[in-house]
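Secondary and tertiary structure notes
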Amino acid sequence: MAILSQTEAQDILKKVLSYSTSDECEATLNGSISGNVRSARNTISTAGTADNVSLAVQSRFGKRSGVATCNEFDEASLRRCVQRAEEIAKLAPESPEYVPFLGPQKYLASPASFAQRTADITPDYRAQQIGASMALCEAKKLSSAAFFSDSSGFVAKRNTKGLEAYQRLTNLDFTITVRTPDGTGSGYAIANFSDLAKFDAARLTRVAADKAASSVKARAIEPGKYTVILEPAAAVEMLSNMMRSMDARNADEGRSFLSKKGGGNRKGDKLFDERVTIYSDPTNAEIPDLTFSGDGRAQQKVTWIEKGVVKNLYSSQFWAQKSGSPDIPPPGGWIMEGGTQSTADLIKGTAKGILVTRLWYIRAVDPQTLLYTGLTRDGTFYIENGQIKFPVKNFRFNESPVIMLNNLEAVGKPVRLGGNLVPPLKIRDFTFTSLSDAV
C-alpha cells in the first residue's frame, strides 16, 4: 500500500483526526517504494527493495505536544497511535516556542515531481544498468563500485485546523567510482533525476573511467592559492553548506556569517560577486520538489541571493512571529544561475589552474565566516594553456564559500545534483594548504 492516492491518504487522515480528543491534532502520512543495487569490483554485491507507509500523529493540549508513529492501519492501531500521542502530550512540558497549527493553505502545483517511468523501474532494469556499467569497466580493465537507487512516494498531511496537503514524488540517484588495477588512478561521476528519461548510466561510467585512467602517476605540486575549476560535484558541497546557513534566527542571534555587528542580520547587504543569483522554485521542471514544508507552510519561488545581494533568509514560524521577519520555510532544492559554458569550456579559457572533480571529508572550521576544510579526490588535474596537462596529488583545502563567491572568474551551465541546479565554477585564489596521498 506504499503509494496511496490523494483520496486514500486523506480518508485515513480523516479517520485519524476523528479519534482525537486534544486541542489540536495533525497527522502526516509518508509512503514510498524504493529499490537499489550496489556493485563493487565489477560485481553486484547487494540489491533490495523497501515498501512502507508510516503515520505520524502530533497531539497538543495547550502548549504541550506529543508525537506517536505507526505503520499499521487497522482501526485499533490508528486509535492507539492517537491515544499514545495524547498521553505523551499530557506528560510533556509546555513549549516556550509554541505556535498553533496552520489552517487551510494554498499550494502550488508541481506535476514534474512524479514521473511514472521512474515509478515503474524494475529490478531487471537496475541490474541491466549496473551490468552495462560494469561491462564497460571490464573492457577497459578498470574496477568499479557503483550504487543505483530509485524511489517513488507520497506525502499527505491534514490537521484539525483545516490544513490539507498531498503530493507524489519520484527520484533516482546514481554514483560510480572507477579505479585503475593498481589503485593509483580514480574517477567519479554522480547523477540525480526525477525522471528516468534523463538517466544515462553508460555516459556517467565513461566519465568516471576516463578520469580514472587519466589520473595515474599524479605529480606533487606545492600547495598554495590557485585558480580552480570546481566541477558541479565539487561546487555543490560548498554551496549546500552555505545554503544551510541562511537561517534568520542564527543570524539575528550572532551565530552566523549573516550576523550583523551590534545585532540583526545582513539581509540587503551585497556579500557576493554580482554574478551570484540563487533561488528556489518547487515547480522548476528540472528539480521539482515538495510544494509544502514539514510544518505545512507553502513553498514558493524565493530569491535568496540576487546579483550578490542577500534578499531573504528562512526561519521557523516561531522566529518569524517573534522577530517580525518574513515567514519563509527552508528550501528543498536550490538553483544557482549560470551561463552556457561547460566544464570543458571553462578549461579552455584557463591559462593556469587546477581542475577539481569533487570534495569530501568536509568539516566546519568557523561558522561565522563559513570557513571549511576538506580534501579533493577522484581526479585532480593541472591545467595549462587551456588544456589538462597532468594529474596532481590531492590537496587539503581551507576555504569559505563566501570568499569563493567573491573570487569568481566564470560561472558555467548548471546541472542537476542532489536536487539542486549547480554550475561549474572558476575561482581565483582558492586555498590549498597541504598535500594528500589518497587518490
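Conventions used here
- Residues numbered from 1 in each chain as written.
- Predicted model: local features only at pLDDT ≥ 70, side-chain atom pairs only at ≥ 80, totals over all residues.
- Heavy atoms only, no water.
- Axes fitted to C-alpha atoms, helices over the stretch in contact; angles between N-to-C directions.
- Helix = DSSP H or I, 4+ residues; strand = E, 2+ residues; numbered from the N terminus.
- Parallel < 35°, antiparallel > 145°, perpendicular 65-115°, else oblique.
- Left-handed = near helix turned anticlockwise from the far one by under 90°.
- Contact = heavy atoms within 4.5 Å.
- Nonpolar A, V, L, I, M, F, W, Y, C, P; charged D, E, K, R; others polar.
- Salt bridge = Lys/Arg side-chain N within 4 Å of Asp/Glu carboxyl O.
- Expected span 1.5 Å × (residues − 1).
- Buried < 20%, exposed > 50% of the residue type's maximum accessible area, 1.4 Å probe, protein only.
- Arc of directions from axis to C-beta.
- Pairing = 2+ DSSP bridges.
- Core = buried A, V, L, I, M, F, W, Y, C linked by side-chain atoms within 4.5 Å.
- UniProt positions renumbered as here; feature names shortened; annotations may be inferred.
- Phe/Tyr/Trp six-rings, centres within 6.5 Å; stacked < 30°, edge-to-face > 60°.
- Lys NZ or Arg CZ within 6 Å of the ring centre and 35° of its normal.

As annotated in an unreviewed UniProt entry, the chain carries the name TldD/PmbA family protein and is attributed to Hymenobacter jeongseonensis.

Here we come to the packing of helix H4 (residues 123-139) against helix H5 (residues 201-214). Packing of H4 against H5 brings their axes to within 9 Å, and their N-to-C directions diverge by 30°. Considering their axes alone, H4 and H5 lie roughly parallel with respect to each other. By crossing handedness, the relation of H4 to H5 is classed as right-handed. Contact residues: H4 offers Gln129, Ser133, Leu136 and Cys137, while H5 offers Ala201, Ala202, Thr205, Arg206 and Ala209. For the contact of H4 with H5, the per-class residue count stands at 5 nonpolar, 3 polar and 1 charged.

It is worth spelling out the pattern of salt bridges at this point. Counted under the stated rule, the structure contains 23 salt bridges. Glu87 is the partner of Arg84 in a salt bridge, and the nearest nitrogen-oxygen pair spans 3.3 Å. Of this pair, Arg84 and Glu87 both sit in helix H2 (residues 75-91), 3 residues apart, which is roughly one turn of the helix. Ionic pairing is found between Asp327 and Arg297, a salt bridge with its closest N-O pair at 2.5 Å. Note that Asp327 is positioned in the loop between helix H8 (317-323) and strand S11 (335-336) and Arg297 in the loop between strand S8 (278-280) and strand S9 (302-306), a separation of 30 residues in sequence. Sharing partners across several salt bridges, the network here consists of Glu97, Arg249, Glu253 and Arg255.

Attention shifts here to helix H1 (residues 6-18). An α-helix turns once every 3.6 residues. As a result, residues three or four positions apart point the same way. When the terminal C-alpha atoms of H1 are compared, their 18 Å separation across 13 residues agrees well with the 18 Å that a helix rising 1.5 Å per residue should span. Every buried residue of H1 is accounted for by Ala9, Gln10, Ile12, Leu13, Val16 and Leu17. Looking straight down H1, one finds its buried side chains confined to an arc of 155°; they lie on one side. Away from its buried face by more than 90 degrees, H1 exposes Thr7 and Ser18.

A word on the side chain of Asn241. Inspection of the secondary structure puts Asn241 in helix H6 (residues 232-243). Judged by relative accessible area, Asn241 falls into the buried class, the value being 14%.

So, on to the sheet that holds strand S4 (residues 143-159). Spatially, S3-S2-S1-S4-S5-S6 is the arrangement adopted by the 6 strands of the open sheet, whose pairing is antiparallel. The two strands at the open ends of the sheet, each matched to only one other strand, are strand S3 (64-70) and strand S6 (186-193). Between one strand axis and the next, the sheet turns by 15° as a mean value, whatever way the strands run. As defined by bridge partners, strand S1 (residues 24-40) adjoins strand S2 (residues 43-61) across 17 bridges and the pair is classed as antiparallel. The residue bridging Cys25 from the neighbouring strand is Ser59, located in S2.

Moving on: the nonpolar core. One finds Phe272 and Leu425 to be the most contacted residues of the largest nonpolar core, which totals 55 residues. Residue contributions to this core peak at 8 residues, all from H6. The contacts of Leu425, once residues within four sequence positions are left out, are Val228, Ile229, Leu230, Ala235, Leu239, Met336, Leu346, Met404, Leu405, Leu408, Ala410 and Val411.

Before going further, it helps to examine the UniProt feature "domain: Metalloprotease TldD/E C-terminal" (unreviewed entry) in the chain. Here, UniProt's "domain: Metalloprotease TldD/E C-terminal" (unreviewed entry) annotation points to residues 223-433. Along residues 223-433 the backbone is 16% helical and 37% strand, and the end-to-end C-alpha distance reaches 5 Å.

Take the packing of aromatic side chains next. Inspection of every chain in the model, using the stated rule, returns 14 aromatic pairs. Centroid distance Phe148 to Phe174: 6.4 Å. Interplanar angle 75°. Geometry classified as edge-to-face. Of the two residues, Phe148 sits in strand S4 while Phe174 sits in strand S5 (residues 164-179), which places them 26 residues apart along the sequence. Comparing Phe148 with Phe174, the two get one shared label, buried. Following the ring pairs from residue to residue traces out a cluster consisting of Tyr226, Phe395, Phe397, Phe430 and Phe432. Here the basic side chain of Arg168 rests over the ring of Phe114, its NZ or CZ set 3.7 Å away from the ring centre. Here Arg363 stacks its cationic end above the ring of Tyr361, 4.6 Å away from the centre of that ring.

Glancing now at the pairing of strand S13 (residues 371-384). With 12 of its 14 residues buried, S13 lies for the most part within the structure. Alignment of strand S12 (residues 352-366) against S13, held across 11 bridges, turns out to be antiparallel. Among the inter-strand pairings, Ile354 is bridged to a residue of S13, identified as Tyr382. Linking S12 to S13, which pair antiparallel, is a turn of 4 residues; within it Leu370 sits at a positive phi near 55°.

All right, on to H2 then. Taking 1.5 Å of rise per residue, 17 residues should cover 24 Å, and H2 covers 25 Å from first to last C-alpha, within 8% of that figure. For H2, the set of buried residues is Ser77, Leu78, Cys81, Val82, Ala85, Glu86 and Ala89. Residues of H2 that are buried sit in contact with H1, S2 and S3.

Per the UniProt entry, the sites bearing "domain: Metalloprotease TldD/E N-terminal" (unreviewed entry) are residues 26-89 in this numbering. As annotated, residues 26-89 comprises 23% helix and 64% strand, and the C-alpha atoms at either end are separated by 13 Å.

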